[in-house]
Structure formats: structure tokens, C-alpha cells
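Listed below, chain by chain, are the residues.
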Amino acid sequence: MKISKIAEILEAEVLCCDGHTENEVMSACASDMMSDVLAFVKDHAVLITGLCNPQVIRTAEMMDIVCVVYVRGKKPDAMSIELAESKNIVLMTSKYRMYQACGLLFSQGMHGGDCLI
Amino acid sequence: MSEKRRIVLEFDVDGDNFVSAGKASEAVKSNLKMLGLPPALIRRAAIVMYEGEINMVIHAKGGRAYVEITDQEISITLKDVGPGIPDIDLAMQEGYSTAPDEIRALGFGAGMGLPNMKKYSDSLEIQSEPGKGTTVKMKIKL
Ligand SMILES: Nc1ncnc2c1ncn2[C@@H]1O[C@H](COP(=O)(O)OP(=O)(O)O)[C@@H](O)[C@H]1O
Ligand SMILES: [Mg+2]
């Protein structure tokens, strides 16, 4: 699924790297615990999270995550945006809550990849 | 005769600054990328180093990281003079964590760091003495 499609489904506002929204996302992961993300994420994933600190972007960069969606209308700090820009990670914020955001993406065909433990 | 590769990288990991935690891992990752190593290997190295670096920051007030890249392996050594780990077998268990709530609120402290380091490295060696510090050695074969 294209990142732009994710933004459309989640009615999300893209916060940075909008030049990369035509890139494809192959799997998805939703978590507020970064070690879970480090344990289970597959290639070219989107991360859906309610956590806004720069470690989210560091984690994303370690895992080659291409897009981070903040739920509940949350917005990351300036340092997160700066870091994401330097790593070409698309950031967006959606008004939906985590559960709804995941449900919407799943029902539109965005499955988790091999996220089962 | 082909040249032998041996690249050594060293970093101070600042224990007072959670925001900068991960900088060393980030630098190592870009070095590995520049060397053109396979992405899956790079990711494993990035994961184990980042978990170890975060551990030094949240449990040991920082430390030093040494990374050596040869033709055979990536070897990562993390040394701190923090409180040490009294029971390593217990610390290795998934979900075991002594991290305080404020660390959990930042997205860490799920007790998955050491298990992740074990899972994604080819070898993990932990030496620790309570009150003296901890040295973690990890290797990834190329
Ligand atoms: N460098 C370290 N110094 C002191 N204690 C550590 C260190 N690394 C890990 N530990 C101990 O081992 C436990 C488990 O570590 P880990 O699996 O990474 O989980 P977490 O960091 O989420 O607590 C930690 O909660 C801590 O008690
Ligand atoms: Mg840890």
C-alpha cells in the first residue's frame, strides 16, 4: 500500500517528507513499546504509535521503517521531525485512536506481515 | 591478495541524555550501509546495538561502545560502570525489567532488550559485577 493511501484512509495530516508518500509500505506494526517494534517489525513497514519522542524515530530508522503514524491527533516534537527528515521517514498524524486506525488500515488490506510471535 | 578489512569505531554514550540515546547505533548503521553489507545483517546489528546502547543509558548512566568490523564479523562491545546485573539469567527472561515507570512511558522497559540482543546476534556474552559494571559483547557473522 502506498503511504499516500494510508494518509487518505486515516484522514491524516502529513508532517514531513511529503515527497516520499508514493513509496510502498509492505507491513504494519502498532505499538507504544519500542522493544516490541525492534523485535517484530519486517521490511518497509509503517509504525502506528501514540508515543511522540525522538526515540520513536531512532527506532524507526534502525528498522528501516518508512512511515510513522501518530494517533489521537498527537504531534511529535521538533527534534523528531528534524530526525525523520534527515532519514526520509514520512510522519503523519491522525485523529483516529490506535484501535480504530489499525482497524481501518486492516480492513483496507494493510495486514501486519509476519507480526505473529 | 585481497586487502583485509578492519574498521574500529568508538563512542561515548551519554547517560544523562535520553534524547540522544541511539546516536552511536545510528552512526554504526550508516557505516555498515556505506560498506554495502546486506540490509538484513545491518538491521540485526542495528537492533542489538541500539538495545544495548539504550540499556546503558537507562540502567547504567551511560558508558562506552566499541565496534569492530572485519571481513568475518561485526563485533560490538558495550562497557559501563553502572550498578551491574545481579542475576543475568533472570535479566535475560522476556518481560523482566527493573526500569521505572517514567522509562516505560518513553517506550522502553518492556524487558525485551536482552532477549532481542540474544535473538538477533550470533553470540552474546555478558560479564557483570554488582556495583562495578557490565560488559556486553555481541557478534554478528558476515
Ligand atoms: N547495562 C546494564 N546495567 C545494569 N542493568 C542492566 C543493564 N542492561 C540490562 N540490565 C538489567 O536487565 C534487565 C533486563 O534488560 P532488558 O531485557 O534490556 O529490559 P529493559 O531494558 O526493558 O528493562 C533490566 O531491567 C536491568 O535490570
Ligand atoms: Mg533494555
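Scroll up a little and you will see the structure.
The sections below set out a description of the structure shown in this document. (Residues numbered from 1 in each chain as written. Chains lettered and ligands numbered in written order. Predicted model: local features only at pLDDT ≥ 70, side-chain atom pairs only at ≥ 80, totals over all residues. Heavy atoms only, no water.)

**Some points on the overall build of chain A**
Then, in step 1: Counting its secondary structure elements, chain A contains five helices and five strands.
Then, in step 2: For chain A, the succession of helices and strands along the chain, N to C, is α-β-β-α-β-α-β-α-β-α.
Then, in step 3: The C-alpha radius of gyration computed for chain A amounts to 12 Å, which stays within 12% of the reference 13 Å derived for 117 residues, consistent with globular compactness.
Then, in step 4: Each of the three principal axes of chain A carries a C-alpha extent, and together these read 30 × 30 × 25 Å.
Then, in step 5: Per-residue burial for chain A yields a buried fraction of 52% across its 117 residues.
Then, in step 6: Expressed as a percentage of contacts within chain A between residues at least 6 apart in sequence, the contacts between residues at least 24 apart total 52%.
Then, in step 7: Computed over 10 positive and 15 negative side-chain charges, the separation of the two mean positions in chain A equals 6 Å. (Helix = DSSP H or I, 4+ residues; strand = E, 2+ residues; numbered from the N terminus. Rg over C-alpha atoms; globule rule 2.2 N^0.38 Å. Buried < 20%, exposed > 50% of the residue type's maximum accessible area, 1.4 Å probe, protein only. Contact = heavy atoms within 4.5 Å. Lys, Arg positive; Asp, Glu negative; His and termini not counted. Charge placed at Lys NZ, Arg CZ, Asp CG, Glu CD.)

**Considering the layout of surface pockets**
Then, in step 1: Size it by volume and the largest pocket reaches roughly 550 Å³.
Then, in step 2: If you trace the largest pocket, you find 32 residues lining it, with Asn55(B), His59(B), Ile85(B), Ala91(B) and Leu114(B) closest to the centre.
Then, in step 3: Elements with a contribution of two residues or more to the lining of the largest pocket: helix H2 (39-60), strand E3 (73-80), helix H3 (88-91), helix H5 (113-120) and strand E5 (133-141) of chain B.
Then, in step 4: Broken down by element, the lining of the largest pocket gets its largest block of residues, eight residues, from H2(B).
Then, in step 5: Among the residues forming the lining of the largest pocket, the class breakdown is 18 nonpolar, 11 polar and three charged.
Then, in step 6: The space that makes up the second largest pocket amounts to roughly 310 Å³.
Then, in step 7: For the lining of the second largest pocket, the secondary structure elements donating two or more residues are helix H3 (54-62) of chain A together with helix H1 (23-34) and H2 of chain B. (1 Å grid on protein atoms, 1.4 Å probe; cavity = no way out; pocket = protein on both sides within 12 Å on 5 of 7 lines; lining within 4 Å. Points joined across faces, edges and corners; volume = space filled by probe spheres on them. Nonpolar A, V, L, I, M, F, W, Y, C, P; charged D, E, K, R; others polar.)

**Observations concerning the pairing of strand E2 (residues 27-30) of chain A**
Residue and element names in this part refer to chain A.
Then, in step 1: As judged from the four bridges shared by E2 and strand E3 (residues 45-49), these two strands associate in the parallel manner. The residue bridging Cys 29 from the neighbouring strand is Leu 47, located in E3.
Then, in step 2: Each parallel crossover has a hand, and the one from E2 via helix H2 (residues 34-40) to E3 is right-handed. (Pairing = 2+ DSSP bridges. Right-handed = clockwise from strand over helix to strand, strands pointing away.)

**Quick notes on the sheet that holds strand E4 (residues 67-70) of chain A**
Residues and elements named next belong to chain A.
Then, in step 1: Strand order in the open sheet formed by five strands is E1-E5-E4-E3-E2, with mixed pairing between adjacent strands. Since the sheet does not close on itself, it has two edges, and those belong to strand E1 (13-16) and E2, each with one partner. Averaged over neighbouring strand pairs, the angle between their axes works out to 25 degrees when direction is ignored.
Then, in step 2: Looking at chain direction, E4 and strand E5 (residues 90-93) are connected through four bridges and run parallel. Each residue of the ladder has a partner; that of Val 69, found in E5, is Met 92.
Then, in step 3: Those strands touched by helix H5 (residues 98-107) are E2 and E3, and its axis lies near 155 degrees from that of E3. (Axes fitted to C-alpha atoms, helices over the stretch in contact; angles between N-to-C directions.)

**Thoughts on the site of ligand 1**
Residues and elements named next belong to chain B.
Then, in step 1: Near ligand 1 lie 19 residues; those nearest to it are His 59, Ser 97, Thr 98, Gly 111 and Leu 114.
Then, in step 2: Contacts to ligand 1 include Thr 98, whose side-chain N or O atom sits 2.5 Å from an oxygen atom.
Then, in step 3: Here ligand 1 has 540 Å² of accessible area as a free molecule, and 94% of this is covered by the chains.
Then, in step 4: If you map ligand 1 onto the pockets, it falls in the largest pocket.
Then, in step 5: Of the residues in the shell around ligand 1, the class split is nine nonpolar, nine polar and one charged. (Near = heavy atom within 4 Å. Polar contact = N/O pair within 3.5 Å; in protein donor to acceptor, adjacent residues only side chain to side chain. Areas by Shrake-Rupley, 256 points an atom, 1.4 Å probe, with all protein chains shown as cover. Sits in = over half its atoms within 2 Å of the grid points.)

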